[in-house]
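# Observations on the model geometry
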Amino acid sequence: MSTTPIRWQDYKSPLNPIWCPGCGHFGVLNATYQALAALGIPQHEICFISGIGCSSRIPGYTKTYGFNSIHGRALPIASGVKLANPKQTVIVATGDGDCLAIGAGHLPHTAKRNVDITVLMMDNGIYGLTKGQTSPTSPHEMKTKSAYFGNQELPENPLALALAYQATFVGRSFSANIPHLADLITKAVRHKGFSFLQILSPCVTYRGRDQFVILRDLCQPLPDTHSPDDRMSAYKYAEDPSKLWIGLFYEAQAPTLEDKLNHVMDVAQQTKGRMEKDALLKRFQI
Ligand code: SF4
Ligand code: MG
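Residues numbered from 1 in each chain as written. Chains lettered and ligands numbered in written order. Predicted model: local features only at pLDDT ≥ 70, side-chain atom pairs only at ≥ 80, totals over all residues. Heavy atoms only, no water.

## Some points on helix 8 (residues 231-238)
Looking only at helix 8, the buried set comprises S233, A234, Y237 and A238. The buried residues of helix 8 occupy an angular sector of 135° when projected down its axis, which confines them to one face. Facing away from the buried side of helix 8 by more than 90 degrees, the exposed set consists of M232 and K236. Looking at the packing, one finds that the buried side of helix 8 touches helix 5 (158-164), strand 5 (169-174) and strand 8 (244-251). Among the residues of helix 8, the N-terminal cap falls to D230, whose side-chain oxygen and the backbone nitrogen of M232 are separated by 3.2 Å. (Buried < 20%, exposed > 50% of the residue type's maximum accessible area, 1.4 Å probe, protein only. Helix = DSSP H or I, 4+ residues; strand = E, 2+ residues; numbered from the N terminus. Arc of directions from axis to C-beta. Contact = heavy atoms within 4.5 Å. Polar contact = N/O pair within 3.5 Å; in protein donor to acceptor, adjacent residues only side chain to side chain.)

Here it is, written out as C-alpha cells:
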C-alpha cells in the first residue's frame, strides 16, 4: 500500500468548474481540497452530497464518491449514506436557497439528531442558478429579479437557526479567506456530530462584484474572549448586526444518531424486543 501523502490535487476531478469567473464558490472548492488533504482522508472514504444550485455542483468537481441529488433533499440523503456506511466522511454542499428554503424542513431534524456529517452552506443571499431571485438570506430592501421594488422580508440568520436546532458544531467563514475556511472545514469534518458552516460566498453575477469588498470589510475573527462552549455568547456574536464574525461559534460533544441507534439496538437485543413493564409504564406515563 502506498504511503505517499494525499495532495490537494488528488481530490480534484477532471471536470472544470463552470461557475461564472470570479464566483465565490471557487474559493470554497479550493479550501475544501486543502482541508481534505490536511485530513488525509482517502478519496474512496469521502462522499459529497448536494441538492440543486450553483453550490451543489461541488460533487462533480471532487474525485470522491458523490451525488448531485434533488432540490432541498441533500440532508436526508446524506443521513442515509452515513447510516448505511458509517465509515464514510459525508459532506453536504448546499446553498442558502437549497438549505434554507425548499430544504429548510430537514435542517432542524438533521441537526437535533446529531447526524455525523458536515454541511457547507454557501451563502450568497440570492438564487444564482435560476438567475437572481430573492433567497431566504437576501438583505432587506435589496432589489432582485423577484423583488423589483426591494425585498420586503428580513433575512434569516443561518447561525442562529443552527444554534437553536442544536447543531453541535457551528461556524462561519468567508470564501475569499481560504486559509481560514480550510482550517474551519478541517475542524468541522473532524468533529463527531452535526457540523454546520455558513460560508459567505459572493455571487458576482447577481449581487455585483462589490459584494466581495462589502463582505471582506464586515468580516472579523471572533475575539479570543469568546469560548466555543458558551452557547449564549455564540448567539450574541451570531446576532451582532455591526459585524460578520467568522470562526468557530459553538462546539459541543453529544451522542450522534449512530450512537443512539446502536444504543436502541443493544436495548432491543437485551430485552429481546420486549419492553419491561416499568419502561412501558414510564413510556406511556401511566
Ligand atoms: Fe456563482 Fe452567481 Fe455565477 Fe452562480 S450565478 S456561478 S453563484 S456567480
Ligand atoms: Mg444562493
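Read on, since the account is not over.
## Observations regarding the pattern of salt bridges
Oppositely charged side chains can pair when the atoms bearing their charge come close. Using the criterion set out here, one finds four salt bridges in the structure. Note that D10 and R7 form a salt bridge whose closest N and O atoms lie 2.9 Å from each other. The buried category is assigned to D10, whose relative accessible area is 19%. The exposure class assigned to R7 is partly exposed, which follows from its relative accessible area of 49%. For K187, the salt bridge goes to D183, with nearest N and O atoms at 2.8 Å. Here K187 and its partner D183 are both found in helix 6 (residues 178-190), four residues apart, which amounts to about one turn of the helix. Judged by its relative accessible area of 40%, D183 falls in the partly exposed class. (Salt bridge = Lys/Arg side-chain N within 4 Å of Asp/Glu carboxyl O.)

## Here we look at the packing of aromatic side chains
By the definition in use, this model includes six aromatic pairs. Taken together, the ring pairs in this structure connect W19, F26 and Y61 into an aromatic cluster. One residue, K143, lies across the ring of Y148, its end atom 5.7 Å from the ring centre. When the ring centre of Y250 is taken as origin, the NZ or CZ atom of R231, which lies over that ring, is 5.2 Å away. (Phe/Tyr/Trp six-rings, centres within 6.5 Å; stacked < 30°, edge-to-face > 60°. Lys NZ or Arg CZ within 6 Å of the ring centre and 35° of its normal.)

## Looking at the packing of helix 1 (residues 25-39) against helix 6
Packing of helix 1 against helix 6 brings their axes to within 8 Å, and their N-to-C directions diverge by 50°. By the angle between their directions, the pair helix 1 and helix 6 is classed as oblique. Judged by the sense of rotation from one axis to the other, the crossing of helix 1 with helix 6 is right-handed. Side by side, helix 1 and helix 6 meet where G27, V28, N30, A31, T32, Q34, A35, A38 and L39 of the first sit next to I178, L181, A182, I185, T186, V189 and R190 of the second. The residue inventory of the contact of helix 1 with helix 6, partitioned by class, reads ten nonpolar, five polar and one charged. (Axes fitted to C-alpha atoms, helices over the stretch in contact; angles between N-to-C directions. Parallel < 35°, antiparallel > 145°, perpendicular 65-115°, else oblique. Left-handed = near helix turned anticlockwise from the far one by under 90°. Nonpolar A, V, L, I, M, F, W, Y, C, P; charged D, E, K, R; others polar.)

## A closer look at the coordination of the magnesium ion (ligand 2)
In the first shell of the magnesium ion (ligand 2), the protein supplies D96 (OD), N124 (OD1) and I126 (O), at 2.2 to 2.3 Å from the metal. All donors of the magnesium ion (ligand 2) belong to a single chain; written as a sequence motif, their spacing is D-x27-N-x1-I. Here I126 lies in the loop between strand 4 (118-123) and helix 5 and D96 lies in helix 3 (residues 96-102), a separation of 30 residues in the sequence. (Donors = N, O, S within 2.8 Å, 3.2 Å for Na, K, Ca; no water.)

## Description of the environment of Q220
As for its position among the elements, Q220 is in strand 7 (residues 219-221). Sequence-wise, Q220 and S138 are 82 residues apart; in three dimensions their C-alpha atoms are separated by 21 Å. Residues in contact with Q220, not counting those within four places in the same chain, are K243, L244, W245 and I246. Of note is the side chain of Q220, whose polar atom sits 3.5 Å from the side chain of K243.

## Some words on the site of ligand 1
The immediate surroundings of ligand 1 are formed by W19, C20, C23, H25, C54, N124, G128, C203, V204, T205 and Y206. Here the shell around ligand 1 is built from residues that sort into seven nonpolar, four polar and no charged. (Near = heavy atom within 4 Å.)

## Concerning the state of the cysteines
Here is the idea: a disulfide is a covalent bond, and it sits between the sulfur atoms of two cysteines. One pass over the full model with this rule turns up zero disulfides. Its sulfur unpaired, C219 is 16 Å from the next cysteine sulfur, which belongs to C23. (Disulfide = S-S within 2.5 Å.)

This is a description of form; function is not addressed.
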